[in-house]
Each structure stands twice: as C-alpha cells, then as structure tokens.
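# Survey of secondary and tertiary structure
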Amino acid sequence: MHPSSFPKSTTASARILAGLVAIVAASTPTNAQPRPRVTDEVRPFIAVDAPMVALTHVRLIDGTGATMRNDQTIVIDGTRILAVGPSATTAIPVQAHVLDRRGFTVVPGFVGLHEHTYFGGVQRLTQMSTSAPLLYLAFGVTTAMTAGSQLPYHELSMQRAIDAGRTPGPRLLIAGPYLDGPESRNPMTRALTSDLEAQRVVGYWADEGVTWVKVMGNMSRARMGAVIRAAHARGVRVTGHLCSVSFAEAAELGIDALQHGFITASEYVPGKKEDECPPDNMRVQSNVDVGSEPVQASIRALARRGTPVVSTLGVYETFAPARFVMDTAALAMLAPETRREVEEANARLGSAGGLTVSPGLLKSMMRWERDFVAAGGLLGAGCDPWGTGYLPGYGDVRNFEMFREAGFSAETAIQIMTYNGARILGMEHDVGAVTVGRQADLVLVRGNPAVSARDLYQVELVFRAGVGYDSQKLRAAARGLVGLR
Ligand SMILES: [Zn+2]
C-alpha cells in the first residue's frame, strides 16, 4: 500500500485507504507531539492553520537521502503527513486547503543539535529567549537540542511558553548547564569535583526536565564516565565539546554525540597526555593530514562504534578571516550596540589572540566529515550561534552551503540536517523525513536549493506539527533583538 497509488478522487475506497494509512501512522510514532496551540499571541505568525493541507506541484527532498523528486503533492492531515506522491496520481481530499507551489522545494523541518539560546562571544553575553525561538523556526528548525545552557531555567520557561502557544518556536530539547572538571575556569559551567556530585547534579536536572547534558573539555575520563552512567540511568543523553578526553575514549565511554568534529578531536594532537587538554587543540589540527592512514583508521573506528558526530562547520568559518563574510540580513537582527561590537570584532579577526581557523583547516574539517559519512558514520548538524555574527537559523542554513562545498549531494546534506539529527535524538520514527505517517514538520522554500544552495534561505512557510508559520513575520519580529532579549 502506497499513497501514490490512491485514485485521484474521493471515492469510498480512497477514503478507507486514507483511513487505514492514518491508523498505521497513528500507531508508529514514539514521540507524538500535540498540534501547537494557536492562541492570540501566536496567530499573527501563522499563515496556514487548516485541519487538512495539500502542498501541490513542489520539488521534494524528503530527508531519507532519496533523490530529489519533481512535481510532488504532500497532504497533511492534522499533525501528520497523510500522503506523499506525484501530483498526477496523488488524491487530494476535497476538504484540503490547497497551496499550489510550483517553483518551490519542500524539505523536512531541520533537527538542530547545537541550538544555543544565548548569544556568547560578546562583552554583554545575553539570553535570546525572545529572538532565538523566532529565528530558529523562521529558517526551518522545528526540533532543537540546545547543547548547553547559560540560563537553564530560561530555556525550560521558553519550552513551556512554546508549548503553551505564547510564542512560536521549535520543539526544544534542553541540555541543562555545561558540566566540566574541577579545574574549569568558565563561570558558566558546573565544575564537578566528585562522581557523587556528577550523579546528584545530573539527577537534579533530569528532574527539572532536561533530556541532554553537555560535558566540556577539562574533564577526566573517569568523571565523564560517571556523568554518562548517571545520565543514562535517568534516560538523559550526553553530548560534549571535548578536549581532555579524545573522541575514541568518549565513544568507548558511551557518549551519545560528539560536537564539532575534526577540529576538537584531541587524539590528533601529537604528544597528548591522558586526561589533559592540550593547549594547542583546535589549532594543531591544521597540520594534520586527514588522508593519512592513522586519521582514516580513527574515522573508520568511530563510524564502526556508531558514535554520532555533530557538524558545526558554519560557525568555524566565522573564525576564518580569509573567508568569512557577514550576512547583512542577519546583522539586521542584532541590537545596535551588539552590532557595533560584532562588526568591530570581525574587523580584528585574525589579529593576535582568539581562535583563528585557516581555510585549509576548514577544508580538512569538511574532508573529515565526508570520510566519516562515507565510512558509515552518523553525522548530524547544529548551528552554535556566536558573537562573531553567527545567528540562530541563519547558521543552520549556512551549514547546508558548507556541506555542498564539502562535496555532499543536496540530498545527503539535507539528510544530515534532518533525518540524521532525528536518529541522534532517538526521534526518527516521528520526525526528520517527509514520509507518510511522520509528523508534518516541513519547510517550503522558494527556488531549488539543489541547484543554488543559497535558495535555502528563501523560506516561505515552516510547518510544525501541521501548523504553517510565516517565515518573514518571524524574522521581522526578531529584528534588532539579538543581544537584547
Ligand atoms: Zn556551543
């Protein structure tokens, strides 16, 4: 039974078939989400709110890695996808609200795995409780794992506000505060001094509703093991921006996702000592040949172990003075004072102090990720907004352009940003692909991003669980707010 075999009519048999599809669909999801509440507060952002919607004559990149298909029709029934198939043969129920979108492309809602809600890397580190959910959703991020919180209660409140329909935003999975070893100098992190403390802190945040935690680069293997055991005992997953612990060691400990890829993999630093973060990590990698056998062997081992990696190529490009060009539309989202600071910092990029990424290192990062995927590794993607001028939503789309540059096909790049992310979150039966039965999280884009990657910025509508948000209105509401709220 395939939806494209529906007769193009609303005969009784088609209705029965559709009903069967709906029953099958209803029995498969594991993380079923209710339809977002449409209140007076979010109504101004909503362009489509109908019980049944048909998007007709669109190109489709469905997130599974399958080849892009032309002239497709997608039928949304409530929160779910009821049918996907060629427009010529896919039945459109009479009650459906039809949107004819020739010249547009549909991709699944993005599943972002490094979606901070604070704006760091600037003098006045601020929470983006208002602007982040708007910008993520505006650019198609419908599921967002925050990968480290500055103010965890702000994120938990944001999640409640989104669920209650007080603000539009993605489905949030909150990672709680950063966890690190006792020597941590970052005031934002919880420096753990014992395994018992690790257990207590992880348990506390699990009780508060956190579903991921993030470990940082100055933690011993033993302590990281304690964090991972405590988290897994509570059904919480662990991700990390590592240094003292290598990728291979963290994989062995059972970490659930490694952030940033090649540039942070400390096993490539010559003379690295156990449980120590080498100061030249993230720099010395520029001298490492990704094609060399030891690196290739480490990539194969990681892929074989099944430990996922989260790509954040776009944010590292912002540290590459030779390449980074600030997006003027993104700059308009910054509060005036923050904008001045970001522009000044960018003018200084590459001068003494601070992280500098060479174009060669960026190329190596791209190669490493391509080889990791080729070896069967599970690669997802995340934004990692930062004060270099890298913003929620914009950064997620920038990753797509970087994946294309890295040599991934448009279909694989979209798969990395959607279905793979859903797999890493354990939500792949529910979101991450435009297929029958999955939640209707999808992005409608003007143009063809497979031909011109920049077209992916031209988002018209974002559907989350069947409700269609107006991207331009979401962007307009965030203008001037990043660096403020
Ligand atoms: Zn980060």
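In this convention, every chain numbers its residues from 1, walking through the sequence in written order. Confidence filtering applies because this is a predicted model: local features only for residues at pLDDT of at least 70, side-chain atom pairs given and counted only at 80 or more, and all residues used for totals across whole chains, interfaces and linings.

### Comments concerning the overall build of the chain
Definition in use: A run of H or I in DSSP becomes a helix once it reaches four residues, and a run of E becomes a strand once it reaches two; helices and strands are each numbered from the N terminus. Radius of gyration here uses only the C-alpha atoms, and the compact-globule reference equals 2.2 Å multiplied by the residue count raised to the power 0.38. Throughout, a residue-residue contact means that the two C-beta atoms, derived from backbone geometry, are no farther apart than 7 Å.
Secondary structure summary: the chain contains 15 helices and 21 strands in total. Here the chain has a C-alpha radius of gyration of 22 Å; the compact-globule value for 485 residues is 23 Å, and the two agree. Projecting the C-alpha coordinates of the chain onto the three principal axes gives extents of approximately 70 × 45 × 45 Å. Contacts spanning at least 24 positions in sequence make up 75% of the contacts within the chain whose residues lie at least 6 apart.

### Some details on the sheet that holds strand β7 (residues 110–112)
To keep it simple, the criterion reads: Whether two strands pair comes down to DSSP finding at least two bridges between them. Each axis is a line fitted through C-alpha atoms, and for a helix only the stretch in contact is used; angles between axes span 0 to 180 degrees, taken between their N-to-C directions.
Taken together, three strands build an open sheet; the order of strands is β7-β10-β11 and the sheet is parallel. Unpaired on one side and paired on the other, β7 and β11 (171–173) mark the two borders of the sheet. Along the sheet, successive strands turn relative to each other by an average axial angle of 15°, direction set aside. Alignment of β7 against strand β10 (residues 141–145), held across three bridges, turns out to be parallel. Bridged to F110 within β10 is V141.

### Considerations on the packing of helix α12 (residues 394–406) against helix α13 (residues 410–417)
This is how it is decided: Note on angle classes: values under 35 degrees are labelled roughly parallel, values over 145 roughly antiparallel, values of 65 to 115 roughly perpendicular, and the remainder oblique. Crossings are classed by handedness, with left-handed meaning an anticlockwise turn of the near helix from the far one by less than a right angle and right-handed meaning a clockwise turn.
Their axes nearest at 9 Å, the elements α12 and α13 cross at an angle of 135°. When the interaxial angle is binned, α12 and α13 end up oblique. When you trace α12 past α13, the crossing you get is right-handed. In this structure, α12 contributes N399, F400, F403 and R404 to the contact, and α13 contributes A410, A413, I416 and M417.

### Concerning the domain arrangement of the chain
Let me state the cut-off plainly: An automatic or database domain assignment is the source of the domain bounds shown. Residues were grouped as follows: Ala, Val, Leu, Ile, Met, Phe, Trp, Tyr, Cys and Pro as nonpolar; Asp, Glu, Lys and Arg as charged; and all remaining residues, including Gly, as polar.
Domain boundaries assigned for the chain yield domain 1 (3–106 + 452–469) and domain 2 (110–425). Its C-alpha centre places domain 1 at a distance of 31 Å from the equivalent point of domain 2. Taken together, the 23 residues of domain 1 in the interface contact 22 residues of domain 2. For the side of domain 1 that touches domain 2, the leading source of residues is strand β20 (residues 459–464), giving three residues. Within the side of domain 1 that touches domain 2, the residues separate by chemical class into 13 nonpolar, six polar and four charged.

### Looking at the environment of A226
Formally: Put simply, a residue is buried when 20 or more other C-beta atoms lie within 10 Å of its own C-beta and exposed when 12 or fewer do; between those, it is partly exposed, and each C-beta is set from the backbone.
Structurally, A226 is set in helix α5 (residues 221–233). Taking the C-beta count within 10 Å as the criterion, A226 has 21 such neighbours and is therefore assigned buried. The spacing of A226 and Y394 is 168 residues in sequence and 36 Å in space, taken between C-alpha atoms. What A226 contacts, discounting residues up to four positions off in sequence, is D195, A198 and Q199.

### A look at unusual backbone geometry
In this model, A147 sits at a positive phi of 50°, which is unusual for a non-glycine residue. Positionally, A147 belongs in the loop between β10 and α3 (152–163). Positive phi, normally seen in glycine, also occurs at H260, with a value near 80°. By the element assignment, H260 lies in the loop between β16 (257–259) and α7 (293–305). Here H260 falls in the buried class, since 22 other C-beta atoms lie within 10 Å of it.

### Details of the sheet that holds strand β14 (residues 212–215)
Judged by pairing direction, the sheet is parallel, and its seven strands sit side by side in the order β13-β12-β14-β15-β16-β17-β18 without closing on themselves. Sheet topology places β13 (190–191) and β18 (379–381) at the edges, where each strand pairs with a single neighbour. The pairing of strand β12 (residues 178–180) with β14 spans two bridges and is parallel. The partner of Y178 across the bridge, within β14, is K214.

### Details of helix α15 (residues 471–478)
Every α-helix winds through 3.6 residues per turn, so residues three or four apart in the chain are directed the same way. Going by this rule: Taking the helix axis as origin, the arc is that swept by the directions to the C-beta atoms.
S471, L474, R475 and A478 are the residues of α15 that are buried. Projected down its long axis, α15 shows its buried positions confined to an angular sector of 95°, all on one face. Where the residues of α15 are buried, they touch α2 (131–138), β20 and β21 (467–470). Looking one or two residues beyond α15, the residue adopting positive phi is G480, at roughly 80°.

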